[in-house]
Amino acid sequence: MINAYAAMSAGEALKPYTFDPGKLGENEVEITVKYCGICHSDISMIDNEWGMSSYPLVAGHEVVGVINAVGSEVTQFSVGQAVGLGWYADYCESCEQCHNGDENLCSNLTGTIVSHHGGFADKVRANANSVIALPESMDLESVGPLLCGGVTVFNPLVQFGIKPTDKVAVIGIGGLGHIALQFLNAWGCEVTAFTSETKLQEALDMGAHFSVDSRDETAMSLLPRKFDMILSTVNVKLDWNLYLSKLKPKGRLHFVGATLEPLDLKVFNLTEAQRSVSGSDTGSMQTSSMMLEFAQRHGVKPVIERYPFEKINEAIEKLREGDVRYRIVLEY
């Protein structure tokens, strides 16, 4: 039996929930959960903001733990091994994307918390193809947010060939943005943070070379069009045409924050300088492994607040209120 915390309907506080997961599949592993981050996507699923939630819903997709059982066909993992599990719990392994190493783009994948019980529990199961071995000596308590937020901001650097000589800006230094600043600084880029006046110094402390109050119209207007990429980590509507105007020719405005409102873009802001707009969510297993190795080598760590699992509703409420610096990690 697995003991979890589940939402019984949209928007409800989580309640203790025990379920029988059945027989372990031949390609599955069962993980004893040691830590699990809380991501805003968990709240979106709990509230059914995206219209794909099913209840009871056990969220939690930034899982760090130890394997306690392996299926009969699993050869790459062993009992007692420290592993992580992110947004996806299985891939079809037969489509073009899976064969090309882009399994995160598989059209028949299984989300860890989409019609599948996630890591707000003492144990979680997943296909071994979606589980990642953690580098030795990695700080387990802080690695969880890297498995979702970390790879989300790292993936664009790999996908679009960002160079150490590039100038990259980050919109927002919250749960995603503060990790992005660290990665970009370690990557070698000139890093600018667009944030609020109260976080200007924090942004510099986390790796930005420049920080700009995005509500200061004068400061924003004086910025030259110098950026190779602007990475948006926020989920609110902004003046996207203003940010497009700060990109150099062939620059890219890239979205990793789940902005729900339609983008109001002037085509001439794209065509006059061959600018691009794009988006992504997480990354492939290969990119995730690269991200963890890079993070360990360069000391990239999310700033976390720890809560015991039994205070999960208190932790979720704090995240709802936006009162977190900068990620929450639950621990058993």
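The following refers to the structure shown.

### Overview of the overall build of the protein
Turning to step 1, where the next piece is worked out: A count of helices and strands for the protein gives eleven helices and 17 strands.
Turning to step 2, where the next piece is worked out: Taken over the C-alpha trace, the protein has a radius of gyration of 20 Å; the compact-globule value for 332 residues is 20 Å, and the two agree within 12%.
Turning to step 3, where the next piece is worked out: Taking the principal axes of its C-alpha atoms as reference, the protein extends roughly 60 × 40 × 35 Å.
Turning to step 4, where the next piece is worked out: Each of the 332 residues in the protein was classed as buried or not, and the buried ones make up 52%.
Turning to step 5, where the next piece is worked out: A separation threshold of at least 6 residues defines the contact pool for the protein, and within that pool the share at least 24 residues apart is 67%.
Turning to step 6, where the next piece is worked out: For the protein, the accessible surface area stands at approximately 14,600 Å², while carbon and sulfur atoms represent 48% of it.
Turning to step 7, where the next piece is worked out: Counting 26 positive and 41 negative side-chain charges, the protein places the averaged centre of each group 6 Å from the other.

### Remarks on the nonpolar core
Turning to step 1, where the next piece is worked out: In this structure, Ile38, Phe120, Leu146, Leu181, Phe183 and Leu292 are the most contacted members of the largest nonpolar core, which totals 89 residues.
Turning to step 2, where the next piece is worked out: Other than its neighbours up to four places away in sequence, Leu146 contacts Met138, Val151, Ile179, Phe183, Met291, Leu292, Ala295, Val300 and Pro302.
Turning to step 3, where the next piece is worked out: Core analysis: the second largest hydrophobic core is formed by 15 residues, Ala169, Phe194, Leu244 and Leu247 among them.

### Examining the pattern of salt bridges
Turning to step 1, where the next piece is worked out: This structure, assessed with the given rule, holds 14 salt bridges.
Turning to step 2, where the next piece is worked out: Glu190 is the salt-bridge partner of Lys226, the closest N and O atoms lying 3.1 Å from each other. Of this pair, Lys226 sits in the loop between helix 7 (217–222) and strand 13 (227–232) while Glu190 is found in strand 11 (residues 190–195), placing the two residues 36 residues apart along the sequence.
Turning to step 3, where the next piece is worked out: Connected through shared salt-bridge partners, Glu141, Arg306 and Glu331 make up one network.

### A word on helix 11 (residues 312–320)
Turning to step 1, where the next piece is worked out: When helix 11 is considered as a whole, its buried residues turn out to be Ile312, Ala315, Ile316 and Leu319. One side of helix 11 holds all its buried residues, which, seen down the axis, span an arc of 100°.
Turning to step 2, where the next piece is worked out: Phi turns positive, to about 70°, at Gly322, one or two residues after helix 11.

### Notes on unusual backbone geometry
Trans peptide bonds make up the majority, and among non-glycine residues the majority have a negative phi.
Turning to step 1, where the next piece is worked out: Residue Pro56 is reached from Tyr55 by a cis peptide bond, and omega for that bond is 0°.
Turning to step 2, where the next piece is worked out: In this structure, Pro56 sits in the loop between helix 1 (40–46) and strand 4 (63–70).
Turning to step 3, where the next piece is worked out: Note that the residue after Arg325, namely Tyr326, is joined by a cis bond; omega there is -15°.
Turning to step 4, where the next piece is worked out: As for its position among the elements, Tyr326 is in the loop between helix 11 and strand 17 (327–331).
Turning to step 5, where the next piece is worked out: Of note in this structure, Asn48 is not a glycine but carries a positive phi near 55°.
Turning to step 6, where the next piece is worked out: Position of Asn48 among the secondary structure elements: in the loop between helix 1 and strand 4.
Turning to step 7, where the next piece is worked out: Notably, Glu93 is not glycine yet its phi reads approximately 65°, a positive angle.
Turning to step 8, where the next piece is worked out: Within the element layout of this structure, Glu93 appears in the loop between strand 6 (88–90) and helix 2 (96–99).

Analysis parameters
Residues numbered from 1 in each chain as written. Predicted model: local features only at pLDDT ≥ 70, side-chain atom pairs only at ≥ 80, totals over all residues. Heavy atoms only, no water. Helix = DSSP H or I, 4+ residues; strand = E, 2+ residues; numbered from the N terminus. Rg over C-alpha atoms; globule rule 2.2 N^0.38 Å. Buried < 20%, exposed > 50% of the residue type's maximum accessible area, 1.4 Å probe, protein only. Contact = heavy atoms within 4.5 Å. Areas by Shrake-Rupley, 256 points an atom, 1.4 Å probe, with all protein chains shown as cover. Lys, Arg positive; Asp, Glu negative; His and termini not counted. Charge placed at Lys NZ, Arg CZ, Asp CG, Glu CD. Core = buried A, V, L, I, M, F, W, Y, C linked by side-chain atoms within 4.5 Å. Salt bridge = Lys/Arg side-chain N within 4 Å of Asp/Glu carboxyl O. Arc of directions from axis to C-beta.

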